[in-house]
Amino acid sequence: MNLRKRILDLLRQPDYLPATRDELVAKVAGKKKSLAGEAAEEIESMLASGQLVRIKKNRLCLPVDADLVSGKIIFRQSGAAILIPDPPPDSTESPEAVRIRAEDTWVAMHGDRVVARYSDPPQRQRHPRNKRGGGRDDDSARHARVIRILERARDTITGTLEKSRLFHYVIPDDPRIIQDIYVQNAPRSKVRPRPKVGDKVVVKLHEWKQRHINPEGEIVEILGKTHEPGAELKAIFRKFNLDPEFPEAVVKEVAAFPDSVRRKDLTGRLDLRKVFTLTIDPDDAKDFDDALSIEPLAGGNFRVGIHIADVSAYVNPDSPLDKEAKKRGNSTYLVGTVIPMLPHKLSNGLCSLVENEDRLTKSALLTVTPQGKVIEAEYANSVIRSSKRLTYRQAHAFLKENDFRAIRRVPLPPAHQTGSTGRSLEDLDDVELRRIQDTVRQLWVIASKVREKRMNTGALDLDMPETKIFVDEEGYADRLEIIEYDESHQLIEEFMLMANEAVAADLTRARMPAIYRVHEEPDGKKLVEYREFLADHGIRTGDLTNRKEIKKVLQTIKTHPQGHILRIQFLRSLRQAKYLAAPKGHYGLNKKNYTHFTSPIRRYSDLVVHRLLETFLVKHRGEKPLPGKNRHYTQGELNSVAEHLSVTEQNSTEAEREHVKQKLLEFFEREMDKPEKTRFPAIITDVKNHGMFIELKDSQAFGLIHISTMRDDHYQINADGNALIGRRTKRKYENGQQVEVVTERVDRFKRQIDFRLVEHQNDRPGKGKKR
């Protein structure tokens, strides 16, 4: 029996009395004295992780038996926090969040793992459910007080150096770290150049034990001037442990690679270079993992080629390059830049399926009926030569436009924004344009049928428009654009899903250990909360554990004025997708077997799957192995890799979100400097006594129109809490109403943007940019 499980089972017994560590070790080891050391180590590990707690007289018990709870603390800017409890062992239920008042947070900081003691909720008047939060009533949640720090989330923070009359301090970048950090002797720091007020700095935190005294630290690095793009980007690197540079051993290994594919590299590969092949990617794509081809077969079927960069041809198992790629887990796509999983020579060069260059690939060659049914899946180590790099907007033009003059007018992306622009459509003759158009349209005919069937059989349409931030050559945010998830995106998605599912199904049938992309069923309690949230917005629905009801809701909110917020809240109600070494299914896609195979340049999971597919081809399809590329994975190794990759993916996601927030603030702050303010159409998403929350239609940015800027009347909230009404004019502003706004104020530290109604633009006492 697993030692940890034995300890937990012992402590769960009704007659267990809290024991000291030595007493517990003796009970667990029994007569097997050799187990004593192992049991002692396991108990210490469980204490460190919060699975066990130490109470009076050094006795040990489960947290629940001492009215304690361990978990991760998440702060709000107000200073209050919630504790996300650690899930009980062997449980699939998400524990209820615990509320912690500001005065009960002790010396915890945002993201720390802590132990807290439950306390009675404060007695106060009950209020209606919080409409913006969409959860349970605050008063129904349990409260707790932090009593111990198990593990600090970080030992350094980034922030801005400031000075009061007596001392220097650092304002943390993260507004959820509510304490300023005192730094002694900043002008005499050993760091060079010496830090100055207004610098973006990295502070190493000292141990913090007393809540009534601010935490202290030491400046260990200067990143530049606060709010300059370079300094803000470096701060993201430090906060999320992202490194744009590679270790020397990796650089040396990559330097030995050729600059292009050589003749000898083609040995044993299927030559597909004469097959007409396209890539379709975003304007600002840095690397190109996948390409598509389609060929008619006798009898009316088609062979669809899904060609994926063969990264495994260059990244040898357990080499320095492989170890670094595994450590990173994935590429991180920040605004205007990327922290690649693989060095530039591979990610943007030798592996990237750029136009008119030979590239090594792994091809999924699917025989597909005209209705989109896959009747056979073959795989090959291959070589291709991409015929044309298309952007999504170019591919969309080929789908929608018949006039080649209109198609040629679709511009290339700026060179500084992408890894490769490809040839301009203006340089192509009609014959080549026709071939591209025929290929794109033929692919879409099949993809559209596959998509329709997929949606009709239970898949959830979770795709949303994306706000893309484009930067100028100096790195400043200078343009926002809504990227609609149109047919060109859907075309690519359907064929990538098709390949991922085919590979997963074959690995599962072969009973091989593998890594899968898993999206577990949602927690029923979260769906009940979401149902209440919908009711607050006037949407009635049935049981959301029923997939048909979910699909009805998604269809309803598509056209709802506050649809974006409603969809975001729904996504928050679902579990996060993750990697597991078992095929547990994908809830959103409604698939039993699913993996990631199509993006090995940017995801280590896909590289592992490529190696597993190579083993599959040798063992089950009789293929000759590629020399030196085989890697046998045990189930235990894959469990460990899957867990690690889920962590690195979440870290990258958080870094990407953080950078988007920074760049949105930067964009709107620059709006403040314009002599002629840009007018933004917006939707009112919520009203409060102090103003109206809005969402900009063209960028999906959120902000507040403070009631103090509405000077034409005295506005008060109505009895239903969904509108502000002028006492004299009776003018009404209500949820879902469209308004026009201009930027009023940007607070980079609090990360808040305030707007002003256009009709009140001339009422302003003065412009307010806060730094």
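The present account deals with the structure reproduced in this document. Note that this is a predicted model, so its numbers are computed, not measured.

## Details of the side chain of T369
Mapped onto the elements, T369 comes out in the loop between β20 (358-368) and β21 (374-385). Assessed through its relative accessible area of 13%, T369 is described here as buried. Other than its neighbours up to four places away in sequence, T369 contacts N301 and I375.

## Considerations on unusual backbone geometry
With glycine set apart, most residues show a phi of negative sign, and most peptide bonds adopt trans. The omega torsion of the bond from R192 to P193 falls at -5°, within 30 degrees of zero and hence cis. The residue P193 is located in the loop between β11 (181-183) and β12 (199-205) in this model. In the Ramachandran plot, D318 falls in the positive-phi region, its phi being about 65° despite a non-glycine side chain. Its relative accessible area of 44% is what places D318 among the partly exposed residues.

## A closer look at the packing of aromatic side chains
This structure, assessed with the given rule, holds ten aromatic pairs. Ring geometry for F167 versus Y169: centroids 6.3 Å apart, planes at 65°, classification edge-to-face. According to the relative accessible area criterion, F167 is partly exposed, its value standing at 35%. On the numbers, 4.7 Å between centres and 55° between planes, the contact of F167 with Y182 is tilted. Of this pair, F167 sits in the loop between β9 (156-163) and β10 (168-172) while Y182 sits in strand β11, and the two are 15 residues apart along the sequence. A network of ring pairs unites the aromatic residues F667, F668, F680 and F755 as a single cluster. Above the ring of Y579, the side-chain terminus of R517 is found at 4.6 Å from the ring centroid. Positioned over the ring face of Y633 is R631, at 4.4 Å from the centre of the ring.

## Concerning the packing of helix α10 (residues 430-456) against helix α11 (residues 487-509)
Running from amino to carboxyl end, α10 crosses α11 at an angle of 70°, the nearest separation of the two axes being 9 Å. Judged by the angle between their axes, α10 and α11 are roughly perpendicular. Of the residues in α11, those in contact with V440, L443, W444, I446, A447, V450, R451 and R454 of α10 are E487, Q490, L491, E493, E494, F495, L497 and M498.

## Describing the sheet that holds strand β30 (residues 715-717)
Read across the sheet, three strands follow the order β30-β31-β32 without closing on themselves; strand pairing throughout is antiparallel. Every interior strand has two partners, whereas the edge strands, β30 and β32 (732-734), have only one. With direction set aside, neighbouring strand axes in the sheet form an average angle of 20°. Across three bridges, the pairing between β30 and strand β31 (residues 723-726) is antiparallel. Within β31, the residue paired with I717 across the bridge is L724.

## What to know about the environment of P195
In this structure, P195 sits in the loop between β11 and β12. Of the residues examined, P195 reaches a relative accessible area of 8% and is grouped as buried. The sequence separation of P195 and E221 amounts to 26 residues, and the corresponding C-alpha distance is 8.5 Å. Ignoring any residue separated from it by four or fewer positions in sequence, one finds P195 in contact with L161, A186, S189, I219 and I222.

## Some remarks on the sheet that holds strand β3 (residues 59-61)
Here three strands make up an open sheet; going across it, the order is β1-β3-β2 and the pairing antiparallel. What marks the edges here is a single partner per strand, and that holds for β1 (19-20) and β2 (53-55). As judged from the three bridges shared by β2 and β3, these two strands associate in the antiparallel manner. Pairing of I55 across the sheet is with R59, part of β3.

## Focus on the nonpolar core
Grouped together as the largest cluster of nonpolar side chains are 96 residues, with contacts concentrated most on I306, L491 and F495. The element contributing the most residues to this core is α11, with ten residues. Once residues lying within four places of it in the same chain are set aside, the contact partners of I306 are A291, L292, K362, S363, A364, L366, F495, M496 and A499. Listed in part, the 30 residues of the second largest apolar core include M692, I707, M710 and Y715.

## Digging into the environment of A655
The residue A655 is located in helix α16 (residues 635-672) in this model. Here A655 falls in the buried class, since its relative accessible area comes to 0%. In the structure, A655 is positioned 322 residues away from Y333 in sequence and 8.7 Å away in space, judged by C-alpha atoms. Those residues in contact with A655, other than ones at most four positions away along the chain, are I236, F240, L242, T332 and L334.

## Points about helix α5 (residues 248-255)
Every buried residue of α5 is listed here: V250, E253 and V254. Down the axis of α5, the buried side of the element spans an arc of 95°, and every buried residue falls inside it. Opposite the buried face of α5, at more than 90 degrees from it, the exposed residues are E248, K252 and A255. Looking at the buried side of α5, the elements it contacts are α6 (320-328) and α7 (344-350).

## Some remarks on the environment of R273
As for its position among the elements, R273 is in the loop between β14 (270-271) and β15 (278-281). Distance in space between the C-alpha atoms of R273 and V354 is 13 Å, their sequence separation being 81 residues. Setting aside its immediate chain neighbours within four residues, R273 contacts L266, D358, V383, I384 and R385. Side chain to side chain, R273 and D271 meet in a polar contact 2.7 Å long. In terms of polar contacts, R273 uses its side chain to reach the side chain of D358, at 3.0 Å.

## Notes on the pairing of strand β4 (residues 68-75)
Extensive coverage of β4 is indicated by the burial of six of its eight residues. Pairing analysis gives five bridges linking β4 to strand β7 (residues 113-119), with the strands arranged antiparallel. Of the residues in β7, the one forming a bridge with G71 is V114. Across five bridges, the pairing between β4 and strand β5 (residues 81-85) is antiparallel. Considered in β5, the bridge of K72 is made with I84. Here β4 folds back onto β5, and the loop between the two strands holds five residues, one of which, G79, carries a positive phi near 105°.

Here is what the cut-offs are and how they apply
- Residues numbered from 1 in each chain as written.
- Predicted model: local features only at pLDDT ≥ 70, side-chain atom pairs only at ≥ 80, totals over all residues.
- Heavy atoms only, no water.
- Helix = DSSP H or I, 4+ residues; strand = E, 2+ residues; numbered from the N terminus.
- Buried < 20%, exposed > 50% of the residue type's maximum accessible area, 1.4 Å probe, protein only.
- Contact = heavy atoms within 4.5 Å.
- Phe/Tyr/Trp six-rings, centres within 6.5 Å; stacked < 30°, edge-to-face > 60°.
- Lys NZ or Arg CZ within 6 Å of the ring centre and 35° of its normal.
- Axes fitted to C-alpha atoms, helices over the stretch in contact; angles between N-to-C directions.
- Parallel < 35°, antiparallel > 145°, perpendicular 65-115°, else oblique.
- Pairing = 2+ DSSP bridges.
- Core = buried A, V, L, I, M, F, W, Y, C linked by side-chain atoms within 4.5 Å.
- Arc of directions from axis to C-beta.
- Polar contact = N/O pair within 3.5 Å; in protein donor to acceptor, adjacent residues only side chain to side chain.

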